[in-house]
Amino acid sequence: MTGGGFVPRWLVVPAGIGLLFLLVPLTALVARVQWATLWSDVTSPAALSALGLSLGTGVVATAVCAVVGIPLALLIARSPARTAAVLRALVTVPLVLPPMVGGVALLYLFGRTGPLGALGLPFTTPAVVLAQVFVALPFLVLAVEGALRSTGVGFERTAASLGASRATILRRITLPLAAPGIVAGVVLCFARAIGEFGATALFAGNRPGVTQTMPLAIYTAFNGAGVSQGTAVALSLLLLVTAVAVLLLVRGWRPGVGR
């Protein structure tokens, strides 16, 4: 069998059911799009406000994740096995926690009675960024850490033996070799940031123009307030297209794809 492995034919049935379970709801979403008014729905003032806020905070959150996440990924990748396993487990925690729990944790940390309550961050635009960073950082760290581990340390040791400094090795060897993983991690991080809902709702609230991102605008619309349901469907389609584009971009940056 071409492609590796031998799969019993009867497994095609449950596999097909699983694939349909994922695709049919998305097809139903696309079917509800009002194509005649799609452009006006996406460009309505409320939609543009939510879209602009999502993109703006998503870019800032991704930049923050890159600044702190790439060094963290490098630390994990170059640590002894036991230390790396502990650090990796800690980084993975936000992935398995319900986003609402993350929002509660941030609220208790930055709320009025929290240790950092004096900063006054809850229910502000910076709170949106913090919530996005909390949920999106693991995606970047794990992607970059995997890329760093796959490149090994052979070239780094050779450069060190030739007298290169650690900073030079990082700039000229380590980061360039891990570039595909870094790009993949950044793109996945951005996609997760603009799609964040739970932690943002609890920690930042749902104030139009201040903290109402696209997911919150969609949720509000289907609860009878804010943007119209036509606009909500249009924004949902926009998020879907973004997710597909992200997957295609990440696939294109994976070494060996299509060979």
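Residues numbered from 1 in each chain as written. Predicted model: local features only at pLDDT ≥ 70, side-chain atom pairs only at ≥ 80, totals over all residues. Heavy atoms only, no water.

Student: I'm lost on the overall build of the protein in this one. Help?
Tutor: Each helix and strand in the protein was counted, giving twelve helices and zero strands. Listing each helix as α and each strand as β along the protein from the N terminus yields α-α-α-α-α-α-α-α-α-α-α-α. For the C-alpha atoms alone, the extent of the protein along its principal axes is close to 65 × 60 × 30 Å. Counting contacts in the protein only where the partners sit at least 6 residues apart, residues at least 24 apart contribute 73% of the total. Carbon and sulfur atoms provide 72% of the accessible area of the protein, an area that totals close to 14700 Å². Both charge centroids of the protein, one from 16 positive and one from 4 negative side chains, sit 8 Å from each other. (Helix = DSSP H or I, 4+ residues; strand = E, 2+ residues; numbered from the N terminus. Contact = heavy atoms within 4.5 Å. Areas by Shrake-Rupley, 256 points an atom, 1.4 Å probe, with all protein chains shown as cover. Lys, Arg positive; Asp, Glu negative; His and termini not counted. Charge placed at Lys NZ, Arg CZ, Asp CG, Glu CD.)

Student: Looking at this structure, I do not really get the packing of aromatic side chains. What am I missing?
Tutor: How two aromatic rings sit relative to each other is set out by the distance from centre to centre and by the angle between their planes. If you walk through the whole model with that rule in mind, you get two aromatic pairs. Summarising the aromatic geometry, the rings of Phe-110 and Phe-203 are spaced 5.9 Å apart at their centres and angled 45° between planes, so their arrangement reads as tilted. Taken together, the residues Phe-110 in helix α5 (residues 99-110) and Phe-203 in helix α10 (residues 198-203) connect sequence positions 93 residues apart. For Phe-110, a relative accessible area of 9% translates into the label buried. Ring centres of Phe-197 and Tyr-219 lie 5.2 Å apart, and the angle between their planes is 55°; on these two criteria the pair is classed as tilted. (Phe/Tyr/Trp six-rings, centres within 6.5 Å; stacked < 30°, edge-to-face > 60°. Buried < 20%, exposed > 50% of the residue type's maximum accessible area, 1.4 Å probe, protein only.)

Student: Explain the confidence of the model for the protein to me, please; I cannot follow it from the model alone.
Tutor: Detailed reading of the predicted coordinates is not advisable wherever pLDDT is low. Here the protein averages 86 in pLDDT, and 92% of its residues register 70 or above. Taken element by element, the predicted model of the protein shows its lowest mean pLDDT in helix α12 (residues 229-253) (77) and its highest in helix α6 (residues 125-151) (93). (pLDDT = per-residue confidence, 0-100.)

Student: Would you take a moment to explain a nonpolar patch on the surface for this structure?
Tutor: There is a patch of nonpolar side chains on the surface, built from Leu-19, Phe-21, Leu-22, Leu-23 and Leu-26 and spanning about 530 Å² of accessible area. Here Leu-19 shows up in helix α1 (residues 12-31). Judged by relative accessible area, Leu-19 falls into the partly exposed class, the value being 49%. (Patch = residues over 30% accessible without salt bridge, like charges linked within 9 Å, V, L, I, M, F, W, Y side chains within 5 Å. Salt bridge = Lys/Arg side-chain N within 4 Å of Asp/Glu carboxyl O.)

Student: When you look at the UniProt feature "transmembrane region" (unreviewed entry) in the protein in this model, what are you seeing that I'm missing?
Tutor: Residues given the UniProt feature "transmembrane region" (unreviewed entry) here are residues 12-31, 51-77, 89-111, 123-148, 169-194 and 232-250. As annotated, residues 89-111 has a helix share of 87% and a strand share of 0%, and its two end C-alpha atoms lie 27 Å apart. Between the C-alpha atoms that bound residues 123-148 there is a distance of 37 Å. The span itself is 92% helix and 0% strand. (UniProt positions renumbered as here; feature names shortened; annotations may be inferred.)

Student: Whenever I open this one, the pattern of salt bridges confuses me. Can you help?
Tutor: Pairing of side chains with opposite charge becomes possible as their charged atoms draw close. On inspection of all chains with the given rule, the structure shows four salt bridges. Here Glu-156 and Arg-78 are joined by a salt bridge, their closest N and O atoms 2.9 Å apart. You can see Glu-156 sitting in helix α7 (residues 154-161) and its partner Arg-78 sitting in the loop between α3 (45-77) and α4 (81-96), a full 78 residues away along the chain. Here Glu-156 falls in the buried class, since its relative accessible area comes to 15%. Across the salt bridge formed by Arg-192 and Glu-196, the nearest N and O atoms sit 3.3 Å from each other. When its relative accessible area of 22% is taken as the criterion, Arg-192 is described as partly exposed. For Glu-196, a relative accessible area of 1% gives the class buried. Several salt bridges converge on common partners, so that one network encompasses Arg-88, Glu-145 and Arg-149.

Student: Is there a simple way to explain α1 in this structure?
Tutor: Given 3.6 residues per turn, any residue in an α-helix points the same way as the ones three and four places further on. In a regular helix each residue adds 1.5 Å, so 20 residues correspond to 28 Å; α1 covers 27 Å between its end C-alpha atoms and thus fits that length. The largest bend along α1 measures about 25° and falls at Phe-21, with the proline Pro-25 one to four residues further on. (Expected span 1.5 Å × (residues − 1). Bend = angle between axes of the 7 residues up to and from the residue.)

Student: How should the nonpolar core be read in this particular structure?
Tutor: In a soluble, globular protein the nonpolar side chains are often hidden away together inside. Within the largest apolar cluster, 20 residues are counted, with the highest numbers of intra-cluster contacts made by Cys-65, Val-141, Val-144 and Leu-148. Per-element tally for this core: the top contributor is α6, with nine residues. By size, the runner-up hydrophobic cluster in this structure holds eleven residues, among which are Ala-50, Leu-51, Met-214 and Ile-218. (Core = buried A, V, L, I, M, F, W, Y, C linked by side-chain atoms within 4.5 Å.)

Student: Honestly, the side chain of Thr-57 in this entry has me stumped. Any pointers?
Tutor: Topologically, Thr-57 is positioned in helix α3. For Thr-57, the side chain forms a polar contact with the main-chain oxygen of Leu-53, separated by 2.6 Å. A distance of 3.1 Å separates the side chain of Thr-57 from the side chain of Gln-132, its partner in a polar contact. If we ignore the near neighbours within four places in the chain, the residues touching Thr-57 are Thr-125, Val-128, Val-129, Gln-132 and Thr-213. (Polar contact = N/O pair within 3.5 Å; in protein donor to acceptor, adjacent residues only side chain to side chain.)

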